[in-house]
There are 2 protein chains.
Amino acid sequence: MIHFSINKTYFLQTLNTTKRAISHKNAIPILSTVKIDVTQEGITLTGSNGQISIENFITSKEENAGLLITDTGSILLEATFFINVVSSLPDVTLDFKEIEKNQIVLTSGKSEITLKGKDSEQYPRLQDMQTENPLILETKVLKDVINETAFAASLQESRPILTGVHLVLSDNQFLKTVATDSHRLSQRKLSLEKKSDNFDVVIPSRSLREFSAVFTDDIETIEIFFSNNQILFRSENISFYTRLLEGNYPDTDRLIPIDFNTVIIFDRDRLRSAMERARILSNATQNGTVKLEVASGLVSAHVNSPEVGQVHEELEVVNLSGEDLTISFNPTYLIDALKAMDSEQVTVSFISAVRPFTLVPSEDQEEFIQLITPVRTN
Amino acid sequence: MIHFSINKTYFLQTLNTTKRAISHKNAIPILSTVKIDVTQEGITLTGSNGQISIENFITSKEENAGLLITDTGSILLEATFFINVVSSLPDVTLDFKEIEKNQIVLTSGKSEITLKGKDSEQYPRLQDMQTENPLILETKVLKDVINETAFAASLQESRPILTGVHLVLSDNQFLKTVATDSHRLSQRKLSLEKKSDNFDVVIPSRSLREFSAVFTDDIETIEIFFSNNQILFRSENISFYTRLLEGNYPDTDRLIPIDFNTVIIFDRDRLRSAMERARILSNATQNGTVKLEVASGLVSAHVNSPEVGQVHEELEVVNLSGEDLTISFNPTYLIDALKAMDSEQVTVSFISAVRPFTLVPSEDQEEFIQLITPVRTN
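Residues numbered from 1 in each chain as written. Chains lettered and ligands numbered in written order. Predicted model: local features only at pLDDT ≥ 70, side-chain atom pairs only at ≥ 80, totals over all residues. Heavy atoms only, no water.

Trainee: Hey, could you run me through the overall build of chain A in this one?
Mentor: Looking only at helices and strands, chain A features 6 helices and 26 strands. For chain A, the spread of C-alpha atoms along the principal axes amounts to about 80 × 50 × 35 Å. Counting over 378 residues, chain A shows a buried share of 52%. When contacts within chain A are restricted to residue pairs at least 6 apart in sequence, long-range pairs at least 24 apart make up 66% of them. A gap of 5 Å separates the mean positions of the 35 positive and 52 negative side-chain charges of chain A. (Helix = DSSP H or I, 4+ residues; strand = E, 2+ residues; numbered from the N terminus. Buried < 20%, exposed > 50% of the residue type's maximum accessible area, 1.4 Å probe, protein only. Contact = heavy atoms within 4.5 Å. Lys, Arg positive; Asp, Glu negative; His and termini not counted. Charge placed at Lys NZ, Arg CZ, Asp CG, Glu CD.)

Trainee: Any chance you could explain the relation of the copies chain B and chain A here in plain terms?
Mentor: Two chain copies, one operation linking them: a rotation about an axis together with a shift along it. Structural alignment of chain B on chain A gives an RMSD of 0.0 Å, achieved by rotating through 180° and translating 0.0 Å along the axis. Taken together, these values place the two copies in the relation of a two-fold axis. Residue B:Lys25 of chain B places its C-alpha closer to the rotation axis than any other residue of that unit, at 16 Å. Of all interface residues in chain B, 100% are interface residues in chain A too; the two copies therefore contact each other through one and the same surface. (Least-squares fit on C-alpha atoms with pLDDT ≥ 70 in both.)

Trainee: Got a minute to help me understand the UniProt feature "domain: DNA polymerase III beta sliding clamp C-terminal" (unreviewed entry) in chain A in this structure?
Mentor: Here the UniProt feature "domain: DNA polymerase III beta sliding clamp C-terminal" (unreviewed entry) sits at residues 254-375 of chain A. Summarising residues 254-375 of chain A: 20% helix, 43% strand, and an end-to-end C-alpha distance of 20 Å. (UniProt positions renumbered as here; feature names shortened; annotations may be inferred.)

Trainee: Would you explain the packing of helix H2 (residues 79-88) of chain A against helix H5 (residues 268-282) of chain B in this entry?
Mentor: Geometry of a packed helix pair, given as the angle between the helix axes and the separation of the axes. The contact between H2(A) and H5(B) brings their axes to 9 Å, and the two run at 165°. What the angle tells us is that H2(A) and H5(B) run roughly antiparallel. Read as a crossing pair, H2(A) and H5(B) show a hand that is left-handed. Each of A:Phe81, A:Asn84, A:Val85 and A:Ser88 in H2(A) lies in contact with H5(B), whose residues at this interface are B:Arg277, B:Ile280 and B:Leu281. (Axes fitted to C-alpha atoms, helices over the stretch in contact; angles between N-to-C directions. Parallel < 35°, antiparallel > 145°, perpendicular 65-115°, else oblique. Left-handed = near helix turned anticlockwise from the far one by under 90°.)

Trainee: What is the right way to read the interface of chain B and chain A from this model?
Mentor: The parts lose accessible area when they come together, and the size of an interface is often stated as this lost area. Residue-level contacts link 26 residues of chain B with 26 residues of chain A. For the pair chain B and chain A, the two sides together bury roughly 2,400 Å², of which 55% comes from carbon and sulfur. When residues of chain B are sorted by the area they lose upon contact with chain A, B:Lys110, B:Arg277 and B:Ile280 head the list and together hold 25% of the total. Scanning the region where chain B abuts chain A turns up 16 residue pairs in polar contact (both at pLDDT 80 or more). Only helix H2 (79-88), strand E9 (111-116), H5 and strand E21 (309-315) of chain B provide two or more residues apiece to the side of chain B that touches chain A. A breakdown of the residues in the side of chain B that touches chain A according to their chemical character gives 11 nonpolar, 7 polar and 8 charged. (Buried area = accessible area lost by both parts, 1.4 Å probe. Polar contact = N/O pair within 3.5 Å; in protein donor to acceptor, adjacent residues only side chain to side chain. Nonpolar A, V, L, I, M, F, W, Y, C, P; charged D, E, K, R; others polar.)

Trainee: Is there a simple way to think about the sheet that holds strand E11 (residues 164-170) of chain A in this case?
Mentor: Through backbone hydrogen bonds, the strands of a sheet pair up, either in parallel or in antiparallel fashion. Residues and elements named next belong to chain A. Read across the open sheet, the 9 strands follow the order E14-E11-E12-E13-E26-E25-E24-E18-E22; overall the sheet is antiparallel. The open sheet has two edge strands, strand E14 (199-204) and strand E22 (319-322), and neither has a second partner. The sheet shows a mean angle of 15° between the axes of neighbouring strands, direction not considered. Strand contacts of helix H4 (residues 205-214): E11 and E14, with the helix running at about 85° to E14, the strand carrying the most contacts. Lying on the sheet, helix H5 (residues 268-282) is in contact with strand E18 (262-267) and strand E24 (345-350); it crosses E18 at an angle near 95°. (Pairing = 2+ DSSP bridges.)

This is the structure:
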């Protein structure tokens, strides 16, 4: 019969991290609970939505947790509800005691709240993972890579594999990360400091977004383990499991062009605000596009909505070389691409009005490239 | 043909204030536009949703506006769209020029955006008001009164008059403000420094919430004008019109009890957090109530949800006098009432388990009272 006391704020914080894997409205009702396992060493909180699972460990050794374990056991509690109750408690410490099977009393100050739980035996078992020979990455590096690519993954389930991000390690050292929704593509390459086993996986982009929320910046490195159908990201106290997408990711290398006919270097922020202006009007047009015109050394952007009005704008460029060109595209893709870059200047390279164009940061051009497909108008 | 230039930020701020009266999805399409009238003296922006109308004046004399008027005229522009366009402009100044009838060009930096507008003749005429002999109030006083009462007005249209706030001036000096949804009531009294004409009006509570958003704290005083079916709040640059509710407001004075059998003084914040804990569980019960028990000098709160659990809590009191009592009520009403009070302590007074109980701030008891109706359980 569980009995422990703990610092309320610390407990709440850990509960909230675990809750990121818990969906309030899951088709499997038991997955709306959080599992609390108490051993002499500490407390493990588990949450899962069937796609992602998070295990959070609070050790008795962690001073900020103020954890004092009197007795051990396991219970399931409805997660949202339990977190609301805990966060409403008046005192800094919270006493958590199982008074009869699957019934707990929370005491804090003069509050006494009794909650009914469920038998922990009902909770589905998480799939075991071989935890040998991890790939070790800096959290910051992995989060940056996710920010740079995951946004380009598809949100539509028509081609499920495109809702994932493709991660490949080759030659034990070279990490390539790609996402595409078939209208745009984003690819980041990275050379690892420490060699590791090769892998080739497709991770749901939604899981990766959760990953970035769960692993905060004070966690310096992450261990990564692979199995057939899932991946485990692990730090000292957090284990984050996500299923992998099945199927072959399309060969994206052949999509990336090398030779260009028009190359323009823009100031990133200026180009982005110009595109945001264009988008306000392009949203009111039928095809939602902006037209970029390169002529006689000048670059300009145009939108013409017969209903609402027009945009005509001369774009300042840092450098311009190559042929004249007129190309139409969805400004949102360009805005998203620019958001994912942190360089001051970007190089945009075109082949023709009907071929995808590329964006690279003006420095470090080799490692990060984005592709946007134009829209044919006329 | 309109032509002016203006500071973008100042213009945007004024547009946004005007927009509070404009609904994107109005049954009368013309009301989704903002009306721009330019005279030699300045610019008037008008928005209306048929219930509330706001006129905002930007004078050429206002230095922050940087307003330079070259030519005058009137136009209607789709409000949300126009505001998005203005806020996206790159430069600090914006040039606004009508190039042909109802077509304008906005120029800012190297951006040139053309927008189609509508003929200002199509805009409905706002009802004229006699603007003589105003009631003058401090903005802060009026906003406080609104905060203290408007939340208690009904949100349901079944008795439309209860969706309003009742304002009465009697003896040219005493302002009484009341709102009730028939489950709870809030009443604030105020003695005006300067005598004024008596009035008796019911203002939609929704209009009053907009009032608080429109008249910012840097506006010190407000002039108020009444007509048969509308009221005008006016500051130097803003005119805010709202229609009044028709019908007789119920006689609420007779509802307010004077004699009590149990009187408890609570620390406001502690009572509020106890009720918030209670509410988490009471929401899971059938009648959504908390039970308050006064017995042998102790006050306690209880919720019992057979499904989810229980709350038992001893409430700290500052003072307690009178008879023992058990009373059930919706904790949300008490939480709302406590939110509207800014005193450190509140006095809660009961007659019996079936009669409404009152809350007053422990200081200044005469002027502010709230009533909550209990729920019969058993």
